[in-house]
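# Structure at a glance
Residue-level listing of the chains:
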Amino acid sequence: EVLLRMHSVGICGSDVHYWQHGRIGDFVVKAPMVLGHEASGTVVKVGAGVTHLQPGDRVAIEPGVPRETDEYCKVGRYNLSPSIFFCATPPDDGNLCRFYKHSASFCYKLPDNVTFEEGALIEPLSVGIHACRRAGVTLGSKVFVCGSGPVGLVNVIVAKMMGAAAVVVTDLSASRLQKAKEIGADNVIQVKNETPQEVASKVKSLLGCMPDITVECTGAEACIQAGIYATRSGGTLVLVGLGSEMVTVPIVHAAVREVDIKGIFRYCNTWPIAIGLLASKRINVKPLVTHRFPLEKALEAFETTKRGEGIKVMLKCDPNDHNP
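Residues numbered from 1 in each chain as written. Predicted model: local features only at pLDDT ≥ 70, side-chain atom pairs only at ≥ 80, totals over all residues. Heavy atoms only, no water.

## Observations regarding the overall build of the chain
Each helix and strand in the chain was counted, giving 10 helices and 17 strands. Taken over the C-alpha trace, the chain has a radius of gyration of 19 Å; the compact-globule value for 324 residues is 20 Å, and the two agree within 12%. Considering only C-alpha atoms, the chain reaches an extent of 55 × 40 × 40 Å along its principal axes. Residues counted as buried form 52% of the 324 residues belonging to the chain. Considering only contacts within the chain whose residues lie at least 6 apart along the sequence, 67% involve residues at least 24 apart. Surface accessibility of the chain: about 14500 Å² in total, with carbon and sulfur atoms responsible for 53%. Between the centroid of the 34 positive side chains of the chain and the centroid of its 32 negative side chains there is a distance of 4 Å. (Helix = DSSP H or I, 4+ residues; strand = E, 2+ residues; numbered from the N terminus. Rg over C-alpha atoms; globule rule 2.2 N^0.38 Å. Buried < 20%, exposed > 50% of the residue type's maximum accessible area, 1.4 Å probe, protein only. Contact = heavy atoms within 4.5 Å. Areas by Shrake-Rupley, 256 points an atom, 1.4 Å probe, with all protein chains shown as cover. Lys, Arg positive; Asp, Glu negative; His and termini not counted. Charge placed at Lys NZ, Arg CZ, Asp CG, Glu CD.)

In structure tokens form, the structure reads like this:
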């Protein structure tokens, strides 16, 4: 393990959800818990068995650490391990604090030209990498991204990076759609009160065809329905957003057109890729950070996120260094 002086921690929708509701699905908060899982910091001490890191190294933290080498770890899908430790998922504490210890194997050294905030943003970026990989985004793909929050936006960035020829994004918020255009979306649709079929029809007309891939980042029933209607026959719909446990969807519509419906759970094997992309400046995630607060103002930061202001709210945990 390594002891870290925490620097930047992003607030995720799941952090707000635990704070407000005390549970997400089967994960229930039963005792006080530290939040935070999008994080970076500086190594201050290393355990006796650690050889690849030393005090002073700046690192990005992968929050999910397998507790055992089970069948999922053996095939490289350790994110599916049922006993995995995960920051800020009950009962495991997160890293929104001054000092925090973590498995050294899941701390990745940041190059000098990658900031702490970029390091913290590797966590949401990893969701995009994992989703686009599962979806099979490739050269020339036409992609429909449902939702323009932080996770929708990282999927736009990654899809374009992986070779998507056109990406169209939907959302209720005009300001979030504007951000989507800034980071590379080719077309945006502000949804008002259209039916899922009407949304699908608008997507098709903007792309000139039905999308090969739909990445659903809201979890809203109507959006999942729109995703099924929109995706071309033989295409793929990836469910990233989490909403109600039970939803009504036009499943026959997907079945008879051979639309593959895939889920994702967090990510795996993404940090080295993300660091390489950030270091080479092939992608830019800096515009995602819209608000910054010192750790002492965490409540204000969480209230800001809860109100849906901006995109990514960043907490600064080092009292002597509030730089990005």
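## Remarks on helix α4 (residues 150-161)
The end-to-end C-alpha distance of α4 is 17 Å, a good match for the 16 Å that 12 residues give at a rise of 1.5 Å each. Within α4, nine of the 12 residues are buried, leaving the element largely enclosed by the surrounding structure. For α4, the elements touching its buried residues are α3 (116-135), β10 (142-146), β11 (166-171), α5 (174-182), β13 (213-216) and β17 (312-316). Of the residues trailing α4, G163 is marked for its positive phi of about 110°. (Expected span 1.5 Å × (residues − 1).)

## A look at the domain arrangement of the chain
You can read the domains of the chain as domain 1 (2-109 + 285-316) and domain 2 (130-263). Measuring from the centre of the C-alpha atoms in domain 1 to the corresponding centre in domain 2 gives 27 Å. Taken residue by residue, the interface counts 10 residues in domain 1 and 10 residues in domain 2. Summed over both partners, the interface of domain 1 with domain 2 comes to about 730 Å²; 68% of that surface belongs to carbon and sulfur atoms. (Domains from an automatic or database assignment. Buried area = accessible area lost by both parts, 1.4 Å probe.)

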